[in-house]
Every structure is written in structure tokens, then in C-alpha cells.
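Descriptive analysis of the structure
This is what each chain is made of:
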Amino acid sequence: MRIGIGYDVHRLVENRNLVIGGVTINYEKGLLGHSDADVLLHAVMDSLLGAAAKGDIGKHFPDTEEKYKNISSLILLKYVGDLIYDDGYTIANIDAIIIAQKPKMAPYIDEMREKIAHVLNININKINIKATTEEGLGFTGSGDGISAQSICLLI
């Protein structure tokens, strides 16, 4: 058994789509990044890569490579899943949290879980996603950005 942890953060900006957990969320701002800047999937991928001792997403998908510009993080998640499965691991569970003052994530969480389960080819009951605010504190509380954390267990 191996445990991995992941964290990601991106700044909220105008003129970008807000994509979290592979779901496009109707909101006035989106996350700034080289790819689609999906903080949840980036945290999940880093937790999976960490558990398998495979580095991090920056190693596998450098932001200096044009082929990753605006790419869907669901595509990157599929690559990470294949990488860990090729090493003989199975995913026992993923537990993640999105930290955002706005927008409310609850209406989208089931769809996020479905997309992650589908891409990783695992049962949805192995994925838990929560969301919280920071009561107006810090960069997420002020609405300047969104962050996510993930922990996973590989067998």
C-alpha cells in the first residue's frame, strides 16, 4: 500500500473558463494556467504520482511544452492513470477537497466524481470530493484563487 498527497492552486482571472474536476462551471472568472488549470485534477494527479513515486505533474507535463497549452486535464489524468496501472497499482481510494469562496461546488461534485471515475476506470465509490470556503480569509477567501488538495491510496 502506498499513500500520496497532492496540492494545487491557480489564480482566478477574467476571460477563462472555470473547469474543476473536468466540469465546466458557469462563473464570471476562470483559472489561469498553461493547461485548463483544473486545480482538482492537478491535485488528484499529484497524489497518484506521489503514491507511485513518479514525481509530479510538472515533471510529466511541463508548462514550457506547447502541446499542453489549454489541454484538458482529463487527458492528462488518463495518462497518469495508465502510468500507475502499468506499474501494477490499483486505486483503493481518492479523497479530495476544493477550497473556494465562490462559486458553490456542491451542484457539480457528483459530475466531477463521475468524470474522474470514468477516466480512471474505477468505481465511483472510490472517489470522494468535498468543498469548503475559507470564511473570507486568505487568497481563496478573497476570491483571488481556488486551491485543491487530494490524498490517495494505491495498492
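Structural data are supplied above this passage.
The following refers to the structure shown. (Residues numbered from 1 in each chain as written. Predicted model: local features only at pLDDT ≥ 70, side-chain atom pairs only at ≥ 80, totals over all residues. Heavy atoms only, no water.)

1. Details of the pattern of salt bridges
Note the cut-off: Here a salt bridge means any side-chain nitrogen of Lys or Arg lying within 4 Å of a carboxyl oxygen belonging to Asp or Glu. Strands are runs of DSSP state E lasting at least 2 residues, helices are runs of H or I lasting at least 4, and numbering of each runs from the N terminus.
Enumeration according to the criterion identifies five salt bridges in this entry. Of the charged contacts in the structure, one is a salt bridge between Arg 113 and Asp 110, with a shortest N-O distance of 3.9 Å. Of this pair, Arg 113 and Asp 110 both sit in helix 4 (residues 109–120), three residues apart, which is roughly one turn of that helix.

2. A word on the side chain of Ser 35
Spelled out, the test is: The contact criterion used throughout is that any non-hydrogen atoms of two residues lie within 4.5 Å.
Among the structural elements, Ser 35 can be located in the loop between strand 4 (30–31) and helix 1 (39–51). Residues in contact with Ser 35, not counting those within four places in the same chain, are Arg 16, His 42, Tyr 68, Asn 70, Ile 71 and Ser 73.

3. Some words on the sheet that holds strand 4
Hydrogen bonds along the backbone pair up the strands of a sheet, which may run parallel or antiparallel. Threshold: Strands were regarded as paired on the criterion that DSSP finds at least two bridges between them. With axes taken as lines fitted to C-alpha atoms, and helix axes fitted only over the stretch in contact, angles between N-to-C directions fall between 0 and 180 degrees.
Taken together, the five strands give an open sheet; going across it, the order is 4-1-7-5-6, and neighbouring strands pair in mixed fashion. Looking along the sheet, the strands with just one partner apiece sit at the ends: strand 4 and strand 6 (127–132). Sheet topology note: the strand 1 (residues 2–13)/strand 7 (residues 145–154) ladder contains 10 bridges and is antiparallel. Bridge pairing in strand 7 links Ile 5 to Ile 151. The sheet strands contacting helix 4 are strand 5 (91–99) and strand 6, and the helix crosses strand 6 at an angle near 145 degrees.

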